[in-house]
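Breakdown of the fold
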Amino acid sequence: MAATSTRYILICSGKGGVGKTTLTANLGIALAKQGARTAVLDADFGLRNLDLLLGLENRIVYTAQEVLAETCRLEQALVKHKQEPNLALLPAGNPRMLEWLQPDDMRMIAAMLGEQFDYVLIDAPAGIEGGFKNAMAAAREAIVVTTPEVSAVRDADRVIGLLNSEGVKPIQLVLNRVRPKMMANQEMLAVSDVTDILALPLLGLVLEDEQVIVSTNRGEPLTLTGNSSPAGRAYTNVARRLQGEEVPLIDPSKERQGLRATIGRLMQTRIF
């Protein structure tokens, strides 16, 4: 019987490429570093990139497919993170699983994980097709990830409609790849625009940060290395808010003003 205190959180998006899997990896590490026993479940059987982002791709022997087929135990399929012992990955199986996988299968896997972990983060495939609906069946709450782009926000709105229809709650929002300059120039949707359209509480704002690309290519999430970059701090703060801490959200306009002030000070520096 799964622990009643376990939190099953679906991390999802409408549009692909908005940073959903990156958030899953960094949030999983951040929660684990804060002492929470955390499992990350790769439910994107078509693309299955979560192992790459965590640097665990070479350690996979069994997957969720073998667990469901009862050809291995859950403990054999779980890949423990060497540097963060509170975190474990349950890898996605073969893409052919999509042909027979049912929502009850995902509920079974989630319940098994719930016996051992405080958090089960479910990395859902983008879109609203069968793979997403299977992943949603295992969740009790959700984090919707989007960027401040019209197409991404529209697709996120469709996902939210499905989550609401299935009674998944709470649903919270992470706004990714925020560019204060573009927002100030009205070249990108403002934070208030996105929250008004989607009508969700804002769990986190993640600034555009090139360190995300570097960490992804290395298989070292920013939260693992203690990176103090803007995105690294944002991911950590999302985890803290999930744990119940009151952490103020950044103000993109102030971030922009802070950058301008820094440049101004540098311009005024004289060398004698």
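Residues numbered from 1 in each chain as written. Predicted model: local features only at pLDDT ≥ 70, side-chain atom pairs only at ≥ 80, totals over all residues. Heavy atoms only, no water.

For the chain, the name recorded in an unreviewed UniProt entry is Septum site-determining protein MinD, with Cyanobium usitatum str. Tous as its organism. According to its UniProt record, the chain has this under Sequence similarities (unreviewed entry): "Belongs to the ParA family. MinD subfamily." (UniProt positions renumbered as here; feature names shortened; annotations may be inferred.)

**Things to note about the overall build of the chain**
Counting secondary structure elements, the chain contains 12 helices and eight strands. Against the compact-globule benchmark of 19 Å for 272 residues, the chain has a radius of gyration of 19 Å, which places it among compact chains. By its C-alpha atoms, the chain is 70 × 40 × 30 Å across when sized along the principal axes. Taken across its 272 residues, the chain has 50% of its residues classed as buried. Taking the contacts inside the chain whose residues are at least 6 apart along the sequence as the reference set, 77% of them involve residues at least 24 apart. Accessible surface, the chain as shown: approximately 13,400 Å² in total, 48% of it carbon and sulfur. (Helix = DSSP H or I, 4+ residues; strand = E, 2+ residues; numbered from the N terminus. Rg over C-alpha atoms; globule rule 2.2 N^0.38 Å. Buried < 20%, exposed > 50% of the residue type's maximum accessible area, 1.4 Å probe, protein only. Contact = heavy atoms within 4.5 Å. Areas by Shrake-Rupley, 256 points an atom, 1.4 Å probe, with all protein chains shown as cover.)

**A closer look at helix 5 (residues 103-114)**
For an α-helix, the turn length of 3.6 residues means that residues three or four places apart are oriented alike. If you check helix 5, its first and last C-alpha atoms are 16 Å apart, about what 12 residues at 1.5 Å a residue would give, namely 16 Å. All of the buried residues along helix 5 are Asp-105, Met-106, Ile-109, Ala-110, Leu-113 and Gly-114. (Expected span 1.5 Å × (residues − 1).)

**With respect to the UniProt feature "binding site: ATP" (unreviewed entry) in the chain**
Here the UniProt-annotated "binding site: ATP" (unreviewed entry) positions come out as Lys-15, Gly-16, Gly-17, Val-18, Gly-19, Lys-20, Thr-21 and Thr-22. Relative to the assigned elements, Gly-16 resides in the loop between strand 1 (7-12) and helix 1 (20-33). Judged by its relative accessible area of 40%, Gly-16 falls in the partly exposed class. Apart from residues no more than four positions distant in its own chain, Lys-20 is found in contact with Ile-11, Cys-12, Ser-13, Asp-123, Ala-124, Pro-125, Ala-126 and Val-145.

**Some remarks on the nonpolar core**
Ranked by internal contacts, the top residues of the largest apolar core, which has 51 residues, are Leu-10, Leu-90, Leu-113, Ile-122 and Leu-163. In terms of residue count, the dominant contributor to this core is helix 7 (residues 150-165) (five residues). Other than its neighbours up to four places away in sequence, Leu-113 contacts Ala-39, Leu-41, Leu-74, Leu-78, Leu-90 and Val-120. Counting 36 residues, the second-largest nonpolar core is a separate cluster that includes Leu-27, Ile-29, Leu-56 and Val-174. (Core = buried A, V, L, I, M, F, W, Y, C linked by side-chain atoms within 4.5 Å.)

**Some remarks on the pairing of strand 4 (residues 87-90)**
Taking every second residue as pointing to the same face, both faces of strand 4 are buried, with Leu-87 and Leu-89 on one and Ala-88 and Leu-90 on the other. Inspection of the sheet shows strand 2 (residues 38-42) paired to strand 4 by four bridges, in the parallel sense. Residue pairing across strands places Ala-39 opposite Ala-88, the latter belonging to strand 4. In terms of strand pairing, strand 3 (residues 79-80) meets strand 4 through two bridges, oriented antiparallel. In the sheet register, Val-79 faces strand 4, and the bridge partner there is Leu-89. Counting the residues in the hairpin turn of strand 3 and strand 4 gives six residues. (Pairing = 2+ DSSP bridges.)

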